[in-house]
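A closer look at the structure
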Amino acid sequence: MLGRLRHVVPTRGYAILCGTAAAVTALLFVALVTGAGGPIVAQNTSNVALFAAALAAAWGCLTKALGKAQRPVARRVRWSWALTGLGAFSWGVGQMFCIWYETIQGTEVPFPSLADAGYFWMMPFTAAGLLVLPMSRQSVAQQARSILDGLMIAASLLLITWILILGPLARQGADSFLALLVTLWYPGGDVVVLTVVLFMLARLRAGGHRPMSLPLVGTGLAAFTVSDSGYAYLTLIDNYGSGAVLDLGWFVGFVLILVASRKPDLEHAAGDSDALTRPLGVMLPYIAVLGALCTSTFEVLRHGAHDPVVSWSRSAIILLIVGRQLLTLLENRNLTRDLEDRVEARTAELRASEQRFQALVQHSSDVVTVVAVDGTITYQSESITRVFGYDREHVAGQRLTGFLPDEARARLEEAFGAVADTPYASRVVEIPMRHADGHFRLAEVTITNLLADANVQGLVLNSRDISERKELEDQLVHEAFHDGLTKLANRALFKDRVELALRRRGDADIAVLFLDLDGFKEVNDSLGHAAGDQLLVQVADRLAAAVRPGDTVARFGGDEFAVLIDVVDNADDADDLATRIIDALDLQFDIDNTEIHVRGSIGIALTGPDAADADQLMRNADLAMYRAKAAGEGTFARYDPAMHSGLVDRLQLAADLRRALEGTGGTGGAGGAEGTGELVLYYQPTIELRSGTVTGFEALVRWNHPVRGMISPADFIPLAESTGLIRPLGQWVLAEACRQGVEWGAGDPDRVLTMAVNVSGRQFDQTDLPAIVAGVLADTGLPPERLCLEMTESVLMTDTEENLAVLLSLKAIGVRLAIDDFGTGYSSLAYLRRFPVDTLKIDRSFVERIGGATPDAALARTIVQLGQSLGMATVAEGIEQYAQFLALRRMGCDLAQGYYFSRPLPADEAGALLRDPAALAA
């Protein structure tokens, strides 16, 4: 609506033009009526005004025609405006000759004259311009009807004009035939143009872009008709003179054409493509015929007879009316046939739709029932036989409540009452319905109130059997809260039971036990997972037999179980149950004719100030279980608050270690104790026993915690391994040690120093460890042969083939490899021969007891000899006394480390030791 109003409101310039045109017209009217200045002034004023108005109208139309036109319809509109502008220009040329005669020469305008030659072409150009306007598309029948309508309008107007104007003029005669022809031309041409205007008003395209304002143009041409008719009559009686009020009609006509050409284009909503089907289009030809009939009748009554032109015109109109009616009858017949075909097609469609709906209802999986307000069944679909086993005819007329138990009957009546007062309201209920075989089936019933529907007049029940679905839902719920293997409760259900017990316990205590089987992995690895599953099922049975009837046993997954003791009198009750469980597990299990012995570690947690909810209680039991597992197999431990504080301390320490690692930047960090980083490297020198010279250093990481101070590696290295931080920590240690080795090598290029770095077993899990080592060597510039990677025997004995591949890749880079703490593990000569190891480091536990003919001294000597036989260097760790140094040198040990020579030193002190070897104790 707003858009339409926006288009209707004229622009400011157009409003100014309309106001100016109205003002000038009013001034000219006053001047011609009053005759101010005398006849000559009035004559000249009229001539100039008409000339200016014609040229202005021509300018406006031609300017409109020269506007942008991109569509074919718009191009036709341009031609329409162009032809209309040429008509106005032609009239202006005729007026120019009139000014020449009257104003310049001061003589009367002869009749006919050159001025009439200009006036003559006004109407042909204008009519042609109106006829080229775009119109709505029509069928052949519609086009024929439009032509007949146009001819009826033209004949009627011609008859009216002949009776009122042309006939009297023709009978009056003129000085010459040409003068008579010109005299008749003016009103006759106006009639033609007005006929075209009326015809176009009826047929002009109603929607889209309005190409021309026909009401303004038609009003202007009507003003022309008045002036032309008056001019013709006054000319015949030789009574016309320029400057009369009659000239105002021509002026107004050109002004209206100018205003129409400057009017902004309007956008209209799309209308009917057949404009003649509108009331104006239908009635206009008959209105014209009625006007001609009235005019001719009046003429007959006045004169008693009429001339042949009137007779022939009336006959032509009658023939046109007959043709129009015959065409209308033909169209009505076709329309009736088309309507009959449509009705027949629609009836067939409705019949097919009804049959389709009936088939859908009868074969639907839903049972459709219509009941009255009192519950009497008024309609029943045949699907009830398939779903509930009843015969349709047997059910109809009975009360629905007769098929329901008492509880379901009450629920259904309640639902009926809820929807009965609200049309089209619906309610869904689940109720048991009796099957024809006697048992009950659970049904979901949708009740819809269609009492107000004249076609139904009842409550519609759509019922479906959901018994199988409910059984499946119950099964899924059971599976969601129970372990699939042992059928025990799972973690979710166990937690729910704990929360329920906490809510209803009152002042009583409850206890939670966490059980983890010891040795279960060995059963799976040796006998297979099927045997492991059988073992878990038997363990579940023994746990269920050991607990009280009201207690809950759950399996969390793997070999983890839990027990909830709903109410305990004291902590001893939980201890007694743990003892019973351990004793039950102590008995052998028979799996596939194999005797299996497993034990369990149990953690016990009771409600208390530090176990206010289920999560805390289960967490406490888990912590206690890990304490029992650490104490040994087949034991239980009760939760102590110190366990949680230790866990919190461990978590905080892990967070601090992560923060300290982030402070190193991954590769940098402080090189000494006085550096800005928390993580620093200390370096313990490796001494050649025969010469006493420093041959290298072992890089040892230290953590200078900002609050706890210096933390021992024995405290944070295991933490780093368990949290996975050992990988970035080891990479940083490797990079920093290599960087320091390059720095020391640059100070003394002739000295060859070996930098030893410990490698954790978690680092060996990285398949890209060789690539990381190669990348660090490339970044720092340390020669590969000057880097020694140390690992424990346990690393070699775990995942042997995979670790062997990693060691071979490292050896291919050129680095040296050493076995740390040798003698404490389970290495065999076969493994030592397979692994590309360069150095054996004798564990300090053997070195500490060297001092005579002791077994440890003999073992140290054996290791030295073993290394010599395999071509490996030996390094003794932990030398603190001169006797140990002397004994190892006599054994032939190559290298040594220990406090006897030097403690681990910061980087700057280790560098000073290189510059002053005399600082060594040796």
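Definitions and limits used
Residues numbered from 1 in each chain as written. Predicted model: local features only at pLDDT ≥ 70, side-chain atom pairs only at ≥ 80, totals over all residues. Heavy atoms only, no water. Helix = DSSP H or I, 4+ residues; strand = E, 2+ residues; numbered from the N terminus. Buried < 20%, exposed > 50% of the residue type's maximum accessible area, 1.4 Å probe, protein only. Contact = heavy atoms within 4.5 Å. Areas by Shrake-Rupley, 256 points an atom, 1.4 Å probe, with all protein chains shown as cover. Pairing = 2+ DSSP bridges. Axes fitted to C-alpha atoms, helices over the stretch in contact; angles between N-to-C directions. Expected span 1.5 Å × (residues − 1). 1 Å grid on protein atoms, 1.4 Å probe; cavity = no way out; pocket = protein on both sides within 12 Å on 5 of 7 lines; lining within 4 Å. Points joined across faces, edges and corners; volume = space filled by probe spheres on them. Phe/Tyr/Trp six-rings, centres within 6.5 Å; stacked < 30°, edge-to-face > 60°. Lys NZ or Arg CZ within 6 Å of the ring centre and 35° of its normal. Polar contact = N/O pair within 3.5 Å; in protein donor to acceptor, adjacent residues only side chain to side chain.

**Observations concerning the overall build of the chain**
Helix and strand counts for the chain stand at 33 helices and 23 strands. For the chain, the proportion of its 922 residues judged to be buried stands at 44%. Sequence separation of at least 24 residues holds for 66% of the intrachain contacts in the chain that already meet a minimum separation of 6. For the chain, the accessible surface area stands at approximately 45,900 Å², while carbon and sulfur atoms represent 58% of it.

**Thoughts on the sheet that holds strand β9 (residues 552-557)**
The sheet built from five strands is open, its strands ordered β9-β10-β8-β13-β14 with mixed pairing. Where the open sheet ends on each side, the last strands, each with one partner, are β9 and β14 (636-638). Averaged over neighbouring strand pairs, the angle between their axes works out to 20° when direction is ignored. Two elements, β9 and strand β10 (residues 560-568), share five bridges in a ladder whose sense is antiparallel. Its bridge partner being in β10, Ala554 is matched across the sheet by Ala562.

**Things to note about helix α19 (residues 529-546)**
Helix length check: α19, at 18 residues, gives a terminal C-alpha distance of 25 Å against a target of 26 Å (1.5 Å per residue), a fit within 8%. Where α19 is buried, its residues contact β8 (509-518), α18 (520-527), β9, β10, α20 (571-586) and β11 (589-591).

**Let's talk about the sheet that holds strand β3 (residues 367-371)**
Read from one edge of the open sheet, five strands run β4-β3-β7-β6-β5, paired in antiparallel fashion. The strands lining the two open edges of the sheet, one partner per strand, are β4 (377-380) and β5 (426-434). Adjacent strand axes in the sheet meet at a mean angle of 30° when their direction is disregarded. When β5 meets strand β6 (residues 440-450), the two strands line up antiparallel, connected through nine bridges. In the strand pairing of β6, Arg427 is matched with Ile447. Where helix α15 (residues 406-419) meets the sheet, it contacts β3, β5, β6 and β7 (458-465), and its direction lies at approximately 160° from that of β5.

**Notes on the environment of Ala699**
For Ala699, the location among the structural elements is in strand β16 (residues 694-705). The spacing of Ala699 and Gln740 is 41 residues in sequence and 9.7 Å in space, taken between C-alpha atoms. What Ala699 contacts, discounting residues up to four positions off in sequence, is Leu681, Tyr682, Tyr683, Ala737, Met755, Ala756, Val757 and Asn758.

**Focus on empty space enclosed by the protein**
Enumeration over the complete set of coordinates arrives at three cavities of 30 Å³ or more. What the largest cavity holds in volume is close to 140 Å³. For the largest cavity, the lining is made up of 18 residues, of which Thr369, Gln380, Ile384, Leu400 and Met433 are closest to its centre. Contributing elements (two or more residues each) for the lining of the largest cavity: β3, β4, α13 (383-388), β5 and β7. Here the lining of the largest cavity takes three residues from β5, the largest share from any one element.

**Regarding the packing of aromatic side chains**
This structure, assessed with the given rule, holds twelve aromatic pairs. The interplanar angle of 70° and the centroid separation of 5.0 Å between the aromatic rings of Tyr683 and Trp744 together place this pair among those described as edge-to-face. A residue pair is termed long-range when its members are at least 10 positions apart, and Tyr683 in strand β15 (residues 679-688) and Trp744 in helix α24 (residues 726-747) qualify at 61 residues. Classification of Trp744 by relative accessible area gives buried; the value is 11%. Note on Phe697 and Trp744: the rings are 4.9 Å apart at their centroids and 45° apart in plane angle, and the pair reads as tilted. Of this pair, Phe697 sits in strand β16 while Trp744 sits in helix α24, placing them 47 residues apart in sequence. In this structure, Phe697 and Trp744 share a single accessibility class: buried. Pairwise contacts between aromatic rings join Tyr882, Phe885, Tyr900 and Phe901 into one cluster. The ring centre of Phe589 lies 3.6 Å from the NZ or CZ of Arg542, which sits over that ring. The ring of Tyr899 carries the charged tip of Arg903 above its face, separated from the ring centre by 4.1 Å.

**Some words on the side chain of Asp551**
Within the secondary structure, Asp551 sits in the loop between α19 and β9. Within the structure, Asp551 has its side chain in polar contact with the side chain of Arg548 (distance 3.1 Å). Apart from residues no more than four positions distant in its own chain, Asp551 is found in contact with Leu564, Ile565 and Asp566.

**A word on the environment of Leu753**
With respect to the helices and strands, the residue Leu753 is situated in the loop between α24 and β18 (754-758). Take Leu753: its relative accessible area is 7%, and that puts it in the buried class. A C-alpha to C-alpha distance of 7.5 Å links Leu753 and Phe697, two positions 56 residues apart in sequence. When residues no more than four places from it in sequence are discounted, the contact partners of Leu753 are Val694, Thr695, Gly696, Phe697, Trp744, Arg786 and Leu914.

**Description of unusual backbone geometry**
We note that Tyr424 has phi near 65°; this positive angle belongs to a residue other than glycine. Counting through the fold element by element, Tyr424 comes out in the loop between α15 and β5. Residue classification places Tyr424 among the exposed positions, given a relative accessible area of 53%. Although it is not a glycine, Lys487 sits at a positive phi angle of roughly 65°. Position of Lys487 among the secondary structure elements: in the loop between α16 (467-480) and α17 (491-504).

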